[in-house]
Amino acid sequence: MAYSRDLPYANLYERLIKTGKGFTHDDQSLIIENKKHGYRSLAEEFISQINSSTHD
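One structure accompanies this document, and this report is about it. (Residues numbered from 1 in each chain as written. Predicted model: local features only at pLDDT ≥ 70, side-chain atom pairs only at ≥ 80, totals over all residues. Heavy atoms only, no water.)

1. Quick notes on the overall build of the protein chain
For the protein chain, the helix and strand inventory stands at three helices and zero strands. Whereas a compact globule of 56 residues would reach a radius of gyration of roughly 10 Å, the protein chain reaches 14 Å, over 25% beyond that. Projected onto the principal axes, the alpha-carbon positions of the protein chain cover approximately 45 × 25 × 15 Å. In the protein chain, which comprises 56 residues, the proportion classed as buried is 14%. Carbon and sulfur atoms make up 57% of the accessible area of the protein chain, which amounts to about 4,800 Å² in all. Between the averaged position of the 7 positive side-chain charges in the protein chain and that of its 8 negative side-chain charges there is a distance of 9 Å. (Helix = DSSP H or I, 4+ residues; strand = E, 2+ residues; numbered from the N terminus. Rg over C-alpha atoms; globule rule 2.2 N^0.38 Å. Buried < 20%, exposed > 50% of the residue type's maximum accessible area, 1.4 Å probe, protein only. Areas by Shrake-Rupley, 256 points an atom, 1.4 Å probe, with all protein chains shown as cover. Lys, Arg positive; Asp, Glu negative; His and termini not counted. Charge placed at Lys NZ, Arg CZ, Asp CG, Glu CD.)

2. Some details on the packing of aromatic side chains
Here the structure, examined in full by the defined rule, presents three aromatic pairs. Centre to centre, the rings of tyrosine 9 and phenylalanine 23 are 6.4 Å apart; their planes meet at 20°, and the pair counts as stacked. With tyrosine 9 in the segment before helix H1 (10-19) and phenylalanine 23 in the loop between H1 and helix H2 (27-37), this residue pair connects regions lying 14 residues apart in the sequence. For phenylalanine 23, a relative accessible area of 7% puts it in the buried group. Look at tyrosine 13 and phenylalanine 23: their rings are 5.0 Å apart centre to centre, the planes differ by 85°, and that puts the pair in the edge-to-face class. One end of the pair, tyrosine 13, is in helix H1; the other, phenylalanine 23, is in the loop between H1 and H2, and 10 residues separate them in sequence. For tyrosine 13, a relative accessible area of 42% translates into the label partly exposed. (Phe/Tyr/Trp six-rings, centres within 6.5 Å; stacked < 30°, edge-to-face > 60°.)

3. Overview of the pattern of salt bridges
All told, the structure shown has four salt bridges when counted by the stated rule. In this structure, glutamate 14 and lysine 18 form a salt bridge, with 3.0 Å as the shortest nitrogen-oxygen distance. Here lysine 18 and glutamate 14 lie together in helix H1, a separation of four residues that amounts to about one turn. On the accessibility criterion, glutamate 14 (28% relative accessible area) is partly exposed. (Salt bridge = Lys/Arg side-chain N within 4 Å of Asp/Glu carboxyl O.)

As structure tokens, then:
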């Protein structure tokens, strides 16, 4: 379901479900996923939009 909804970190959630190995403290996996999918820039863009809307 996470893949079909294009949710962030879907493969890390899949790994968690299949292996029980979490990723919240796995910096290397998070860095790889952030770069692979551009999550950091998406988050920065979202924060910028929020900041802009609060100043209107």
